Amino acid sequence: MHFLSYLFVQTGRNLRQTWGTQFMTLLTVSLSVLIFAFFFLVYNNFLSVGTKLGDELRLIVFLKEEIVPELRPQIERKIQEFNEVEKIVFVSRQQAFERLGAQLAGDRDVLADLGSDFLPPSIEVYPKKDLRSLARVKQFSDYLATLPGAEKVQYGHDWVERFGYVTSLLRIIVLLSGCLLVLTTVFMVSYTIRLTVIARREELQLLRMLGATNTYIQGPLILEGLLQGLIGSGIGLASLFFLFIWIKTRFSGPGLLTLFHFTFFPPLTTGAMLLAGILLCAGGSIVSIRKFLRV
Amino acid sequence: MHFLSYLFVQTGRNLRQTWGTQFMTLLTVSLSVLIFAFFFLVYNNFLSVGTKLGDELRLIVFLKEEIVPELRPQIERKIQEFNEVEKIVFVSRQQAFERLGAQLAGDRDVLADLGSDFLPPSIEVYPKKDLRSLARVKQFSDYLATLPGAEKVQYGHDWVERFGYVTSLLRIIVLLSGCLLVLTTVFMVSYTIRLTVIARREELQLLRMLGATNTYIQGPLILEGLLQGLIGSGIGLASLFFLFIWIKTRFSGPGLLTLFHFTFFPPLTTGAMLLAGILLCAGGSIVSIRKFLRV
Amino acid sequence: MQTGNAFITRSPNDSPAMQLNFSDDRPVVEMVKVSKVYPPNVVALQDVSFAVAKGEIIFLTGMSGAGKTSLLKLICCLERPTKGLIEVAGQDLSRLDAKAIQKLRQKIGVAYQDFKLLAQRSVFRNIAMPLEITYQSAATIRRRVDQLLEMLDLADKRDKVVDDLSRGEQQRVALARAAAALPPLLLADEPTGNLDSQTSKLVMGLFNHLNQNGTTIMVATHDETIYRDNAHRVLDLSHGHLAPAVAGEP
Amino acid sequence: MQTGNAFITRSPNDSPAMQLNFSDDRPVVEMVKVSKVYPPNVVALQDVSFAVAKGEIIFLTGMSGAGKTSLLKLICCLERPTKGLIEVAGQDLSRLDAKAIQKLRQKIGVAYQDFKLLAQRSVFRNIAMPLEITYQSAATIRRRVDQLLEMLDLADKRDKVVDDLSRGEQQRVALARAAAALPPLLLADEPTGNLDSQTSKLVMGLFNHLNQNGTTIMVATHDETIYRDNAHRVLDLSHGHLAPAVAGEP
Ligand SMILES: Nc1ncnc2c1ncn2[C@@H]1O[C@H](COP(=O)(O)OP(=O)(O)OP(=O)(O)O)[C@@H](O)[C@H]1O
Ligand SMILES: Nc1ncnc2c1ncn2[C@@H]1O[C@H](COP(=O)(O)OP(=O)(O)OP(=O)(O)O)[C@@H](O)[C@H]1O
Ligand SMILES: [Mg+2]
Ligand SMILES: [Mg+2]
């Protein structure tokens, strides 16, 4: 019997004989991959949602006097000195008035009697997305207050603070769960494989006694590990994909799609996770078998 | 040897002889309880945070004319008809003006030249906390628009919508993870116990052959399951408690404590989870042993 | 055959466990036309009838695969007969419930052909098992086990793990366990298969000792030397049939 | 003894696996002053020296616990000697690496005293194992296994699971597996312990058949009947010592 044909015959035999354990192992692997990938996906999408929501952040510097256009570059430079910003908008009295009118919408007429210059001019600063931490936003705000002509700096304190807190709390939760789950995954898979091998200890030892080569003994077990990793991860990722589709269709309201742009893993990441699952299983097999192969 | 003394001697012996497996089982149980309880805790606290944030929700009905105080009860009744509300605040022109002044704070003087009555009067409606769904808020808003004298109804569309989406998305995520984790927990614990029992199959079968009574055979194994459940759940819940303390101290900023009021499980829930862990382990043992006890 | 009066009518309401009485003069073991067929079609025993009186030592011989082990397994309810009546201590085995079977097994010491020892336990722990399941005191257990170890020349292996013993030593441990609880009935399956003639004598000595204390003993063996030179009855099985010339004639 | 010229100096760079040569006229097995002490202080063998020539059938006897199994385990590298020199086919076992040990074991058929069969596999699969690990063709395997089953009167058990066999049948399966690959050296540990005299004759027939094909055979046994009536050499172990009167004298 040639080695390759032996390899497949023997692996097939193993799978048939121990299908109960095989099934449990497969379930374990699938479940673990599913859970891990699930959290990874949530974390990923969550980050991008966080980025989207973070776009809201702007700091408004109310000014005593309107700034003449010639001075703008200078002020812009000064702002950029402290922190890179996305965009700087100068709002004149007139513009501010128009905005209030737009906000009041139907009630615009209440402004009719007023002069268009009762609102102060301002500079709106949209910071870069890397300005995440609340403390940093506060520092930035203090800095902006020192700009020449600045009277007061305002930003959505409440909203930013709350969003910041929720963000970091969620991040901690997702990371903690992630850690716990990776722990569980690794533990479960290695434990399961260890037990599979222990159940076969008798056979492995006998093969050793008969003088079987390491290749002969390991071959089918590693192939088995590979198959389990492949099928298990495949099932796990496929389940996740269908779960994803389900969530996505559930949340397909038009308002949401603009805010949350759900994405599945790119093919490369999916491939990497599949590969990781395969390596984990095959590697686990190899490590476990090695113990029995010492002559 | 009396039964009880036998029970403890034998259990002690078992634990000593199989401490490797015992340790793995304990780890599995602890980890499972930890993960499950963690998610349960997050979910619980998340719900209460959701409630807190929901407090923000108010609908503002801009009016053409100020409402004379005598009419107020009538309008209040009308509003309550559609939905129970928390609070109704009538804002006069004067009050609206003062608020704008407070908002502009340092820039108050820009309002100095204006009459105090250029802003429209309004009614602010704070709905009950059970008004959660976005659709319902919209309905309510439409209803309020039909009030006599109402010109326009406004509410934090963006904020409410976003919050609503985030809320329900998070709820789905937490629930889904919860399901996955309960699945894993049950699976892991039962699998582990099954394997423990399979490892002892030889001994159990021999005891049966020797004519040992079911009590004799089951006693130590059930006690073992009880101990494992107790210690495992205990460790899991204790770890969670310390994790909780850690998160809480990390987030002890004054701004947050008012918004999020973290709480651990009440003692009763903790007790119930401990009990559930114990029952799961002991029950798992019993079910697994039963298979071997058929004569 | 002493079987004639064994078919006593009993009320089915009697608790069977209570009737396990090895002390009266009914046959300890009695089989009437017993057949055992393993699925799908392996006939291990066919129409076997015999009786063993109290206090007898009886040998069961036959070629490999003749059905000796199957016969012994039927007596301790490890297998159910396909056909026929089996009575132990006057009790129809087919009518025993789980509790009664447990009681029965506590009364029968069995030395299995493949020993069925717990490989990772010490010799002492293995031999003590039948005593522990009936909650004997630690002192009794120690005394009894040490006595048996002495008799079987295993005293220096007392605390060794069974896995580290030679096969013949393991066989003696299995015999010691079967004899530990001083059972009224002892079944020994190939008790000297791994023993030299000198050690076999120790085992026969143990059997005689037990027999003098009232134990009925059935030995399945192919070792002529242990039954050739004494007057005990020999049942010869061949392809599941009991050779009529030998059976039933002491 | 034919050991005199066994101490040939070899360059340590030679691949040991290549030198496993059972076909020249050096002793197949040679032990010089071999001792085996199991920790902490169980002396299984002490200063054992002997040699087995190619084509011999040699019997190893001794009381239970004398060290027979330990001696056989040393030959196939399942245990390492505490002291002394062991050579198999002219090869010093202490100098073999893992690969060479695998090669060696493929050349030695061993029927273990506790059989070491895979209980959940069929008889056929068990016997085929030594042939499969050397990648024999399916046809060769079938022919060889069926031939062995025929010789040992197991043809009707070919596809039965080993667990469902009688103990004596299992013993024959273990022997068949040891003989399957036509090894140059066969070690049989208590090969007839569970067999009646008639079936034992089949086993001796197998041994003689193999021996005629050039296999050297070592049999550890307490069964006088299988060595009493032939001219083969008998080594008598007693408490780890080889009785000098018998050893080395054919
Ligand atoms: N792995 C081991 N660890 C410790 N002691 C051992 C081990 N294996 C064997 N012994 C001891 O070494 C001695 C010789 O054992 P061995 O198995 O070689 O005897 P044997 O001649 O084969 O006996 P038997 O006829 O009963 O099989 C015995 O006293 C045994 O208890
Ligand atoms: N569980 C089983 N399933 C199927 N067949 C069985 C089973 N147990 C035994 N047999 C078959 O029944 C027959 C009798 O087996 P038994 O073990 O009673 O023989 P035995 O007389 O004890 O033989 P030995 O001397 O070899 O131990 C044999 O052919 C055996 O293969
Ligand atoms: Mg038998
Ligand atoms: Mg031996």
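Residues numbered from 1 in each chain as written. Chains lettered and ligands numbered in written order. Predicted model: local features only at pLDDT ≥ 70, side-chain atom pairs only at ≥ 80, totals over all residues. Heavy atoms only, no water.

Draft legend 1. Region of the structure containing the overall build of chain C. Looking only at helices and strands, chain C has seven helices and ten strands in total. Out of the 250 residues belonging to chain C, those deemed buried represent 57%. In chain C, once contacts between residues fewer than 6 apart in sequence are set aside, the share between residues at least 24 apart is 71%. As presented, chain C carries roughly 10200 Å² of accessible surface, and 50% of it is formed by carbon and sulfur atoms. (Helix = DSSP H or I, 4+ residues; strand = E, 2+ residues; numbered from the N terminus. Buried < 20%, exposed > 50% of the residue type's maximum accessible area, 1.4 Å probe, protein only. Contact = heavy atoms within 4.5 Å. Areas by Shrake-Rupley, 256 points an atom, 1.4 Å probe, with all protein chains shown as cover.)

Draft legend 2. Layout of the site of ligand 1. The full set close to ligand 1 counts 20 residues, and C:Ser166, C:Gly168, D:Lys68, D:Thr69 and D:Ser70 are the nearest of them. Near ligand 1, the surrounding residues are drawn from chains C and D. C:Lys157 places a polar side-chain atom, nitrogen or oxygen, 2.9 Å from an oxygen atom of ligand 1. In this structure, an oxygen atom belonging to ligand 1 sits 2.7 Å away from a side-chain N or O atom of C:Glu169. (Near = heavy atom within 4 Å. Polar contact = N/O pair within 3.5 Å; in protein donor to acceptor, adjacent residues only side chain to side chain.)

Draft legend 3. Quick look at the interface of chain A and chain D. In this complex, chain A contributes 21 residues to the contact, which on the side of chain D involves 21 residues. For the pair chain A and chain D, the two sides together bury roughly 2100 Å², of which 58% comes from carbon and sulfur. At the boundary of chain A with chain D, the tally comes to two salt bridges. The residue A:Glu203 makes a salt bridge to D:Arg121 at a minimum N-O spacing of 2.8 Å. Here chain A is connected to chain D by five residue pairs in polar contact (both at pLDDT 80 or more). At the level of elements, helix H1 (3–17), helix H7 (201–210) and helix H8 (214–250) of chain A are the ones that each hand at least two residues to the side of chain A that touches chain D. With seven residues, H7(A) is the single largest residue contributor to the side of chain A that touches chain D. (Buried area = accessible area lost by both parts, 1.4 Å probe. Salt bridge = Lys/Arg side-chain N within 4 Å of Asp/Glu carboxyl O.)

Draft legend 4. Up close: the packing of aromatic side chains. Using the criterion set out here, one finds 22 aromatic pairs over all chains in the structure. Ring geometry for B:Tyr6 against C:Tyr135: centres 5.8 Å apart, planes inclined by 70°, an arrangement best described as edge-to-face. Note that B:Tyr6 is positioned in helix H1 (residues 3–17) and C:Tyr135 in the loop between helix H3 (123–132) and helix H4 (138–151), a pairing that runs across two chains. The exposure class of C:Tyr135 is partly exposed, given its relative accessible area of 26%. (Phe/Tyr/Trp six-rings, centres within 6.5 Å; stacked < 30°, edge-to-face > 60°.)

Draft legend 5. Structural view of the sheet that holds strand S9 (residues 233–238) of chain C. Residue and element names in this part refer to chain C. Spatially, six strands are ordered S6-S7-S8-S3-S9-S10 in an open sheet, and the strand pairing comes out mixed. Single-partner strands in this sheet number two, and they are strand S6 (108–111) and strand S10 (241–242). Pairing of S6 with strand S7 (residues 185–189), which is carried by four bridges, proceeds in the parallel orientation. In the sheet register, isoleucine 108 faces S7, and the bridge partner there is leucine 185. Sheet contacts for helix H5 (residues 167–180): S6 and S7; angle to S6, the most-contacted strand, approximately 175°. (Pairing = 2+ DSSP bridges. Axes fitted to C-alpha atoms, helices over the stretch in contact; angles between N-to-C directions.)

Draft legend 6. Expanded view of the site of ligand 2. Around ligand 2 there are 20 residues in total, and C:Lys68, C:Thr69, C:Ser70, D:Ser166 and D:Gly168 lie nearest to it. At the site occupied by ligand 2, the surrounding residues belong to chains C and D. A distance of 2.9 Å is found between an oxygen atom of ligand 2 and a side-chain nitrogen or oxygen belonging to D:Lys157. Within the backbone of D:Asp164, one N or O atom sits 3.2 Å away from a nitrogen atom of ligand 2. Secondary-structure elements contributing two or more residues to the shell around ligand 2 are strand S2 (42–52) and helix H1 (68–75) of chain C together with helix H5 (167–180) of chain D.

Draft legend 7. Looking closely at helix H4 (residues 138–151) of chain D. Residues and elements named next belong to chain D. With 14 residues, H4 extends 20 Å from end C-alpha to end C-alpha; this agrees with the ideal 20 Å at 1.5 Å per step. Within H4, burial applies to Ile141, Arg144, Val145, Leu148 and Leu149. For H4, the arc enclosing every buried residue in end-on projection is 135°, short of the 170-degree limit, so these residues lie on one face. The exposed residues of H4 that point more than 90 degrees off its buried face are Arg143 and Glu150. The inward-facing, buried residues of H4 abut helix H3 (123–132), H5 and helix H6 (197–212). (Expected span 1.5 Å × (residues − 1). Arc of directions from axis to C-beta.)

Draft legend 8. Quick peek at the pattern of salt bridges. This model, assessed by the stated rule, comprises 16 salt bridges over all chains. Across the salt bridge formed by C:Glu132 and B:Arg13, the nearest N and O atoms sit 3.5 Å from each other. With C:Glu132 in helix H3 and B:Arg13 in helix H1, the pair connects residues from two separate chains. Among the residues examined, C:Glu132 registers a relative accessible area of 5% and is labelled buried. A relative accessible area of 12% places B:Arg13 in the buried class. Of the charged contacts in the structure, one is a salt bridge between D:Lys116 and D:Asp114, with a shortest N-O distance of 3.3 Å. If you follow the salt bridges from partner to partner, you end up with A:Arg13, D:Arg125 and D:Glu132 in one network.

Draft legend 9. Spatial organisation of the coordination of the magnesium ion (ligand 3). All names here are of chain C. Here the magnesium ion (ligand 3) is held by the protein donor atoms Thr69 (OG1) and Gln113 (OE1), which lie 1.8 to 2.1 Å from it. Here the residue threonine 69 occupies a position in helix H1, and glutamine 113 occupies one in the loop between S6 and H3, the gap between them amounting to 44 residues. Judged by relative accessible area, glutamine 113 falls into the buried class, the value being 11%. (Donors = N, O, S within 2.8 Å, 3.2 Å for Na, K, Ca; no water.)

Draft legend 10. Region of interest: the confidence of the model for chain A. Across chain A, the average pLDDT comes to 74, with 68% of residues at or above 70. By mean pLDDT, the top-scoring element of chain A is H7(A) (89), and the lowest-scoring one is helix H9 (residues 254–259) of chain A (47). (pLDDT = per-residue confidence, 0-100.)

Draft legend 11. Representation of the packing of H3(C) against H4(C). All names here are of chain C. Relative to each other, H3 and H4 sit at 125°, their axes nearing to 10 Å. Put simply, H3 runs oblique to H4. Relative to H4, H3 is oriented so that their crossing is right-handed. Between H3 and H4, the contacting residues are Val123, Phe124, Ile127, Ala128, Leu131 and Glu132 on the first element and Ile141, Arg142, Arg144, Val145, Asp146, Leu148 and Leu149 on the second. The class makeup of the residues in the contact of H3 with H4 is nine nonpolar, no polar and four charged. (Parallel < 35°, antiparallel > 145°, perpendicular 65-115°, else oblique. Left-handed = near helix turned anticlockwise from the far one by under 90°. Nonpolar A, V, L, I, M, F, W, Y, C, P; charged D, E, K, R; others polar.)

Draft legend 12. Molecular detail of the environment of A:Phe244. Residues and elements named next belong to chain A. Positionally, phenylalanine 244 belongs in helix H8. Phenylalanine 244 sits in the buried class, given a relative accessible area of 10%. Separated by 20 residues in the primary sequence, phenylalanine 244 and phenylalanine 264 have C-alpha atoms spaced 7.4 Å apart.

Draft legend 13. Region of interest: H1(B). Residue and element names in this part refer to chain B. With 15 residues, H1 extends 21 Å from end C-alpha to end C-alpha; this agrees with the ideal 21 Å at 1.5 Å per step. Along H1, the positions that sit buried rather than exposed are Tyr6, Leu7, Gln10, Thr11, Arg13 and Asn14. The arc that holds the buried residues of H1, viewed along the axis, is 160°, so those residues lie on one side. When the buried face of H1 is taken as reference, the exposed residues oriented beyond 90 degrees from it are Phe8 and Arg16.

Draft legend 14. Representation of unusual backbone geometry. Residue and element names in this part refer to chain C. That bond from proline 39 to proline 40 is cis: its omega, 0°, falls within 30 degrees of zero. Its place among the elements puts proline 40 in the loop between strand S1 (29–38) and S2. Unusually for a residue other than glycine, lysine 33 sits at a positive phi of about 50°. Among the secondary structure elements, lysine 33 is positioned in strand S1. Of note, alanine 89 is a non-glycine position whose phi angle comes to about 50°, a positive value.

Draft legend 15. Here's a closer look at the nonpolar core. In this structure, D:Phe50, D:Leu71, D:Ile75 and D:Met218 are the most contacted members of the largest nonpolar core, which totals 39 residues. Apart from residues no more than four positions distant in its own chain, D:Leu71 is found in contact with D:Met31, D:Leu45, D:Val48, D:Phe50, D:Leu60, D:Met218 and D:Leu237. (Core = buried A, V, L, I, M, F, W, Y, C linked by side-chain atoms within 4.5 Å.)

Draft legend 16. Region of interest: the pairing of strand S2 (residues 42–52) of chain D. Residue and element names in this part refer to chain D. The pairing of strand S1 (residues 29–38) with S2 spans seven bridges and is classified as antiparallel. Counterpart to tyrosine 38 in the pairing with S2 is valine 42. Linkage of S1 to S2, two consecutive antiparallel strands, is achieved through a turn of three residues.

Draft legend 17. View of the pairing of strand S4 (residues 83–88) of chain C. Residue and element names in this part refer to chain C. Alignment of S1 against S4, held across five bridges, turns out to be antiparallel. Within S4, the position partnered with valine 32 by the bridge is leucine 85. Sheet topology places S4 next to strand S5 (residues 91–92); two bridges connect them, and they run antiparallel. Paired with valine 88 across the two strands is glutamine 91, which belongs to S5. Connecting S4 to the antiparallel partner S5 that follows it, the hairpin turn spans two residues, and alanine 89 within it adopts a positive phi of roughly 50°.

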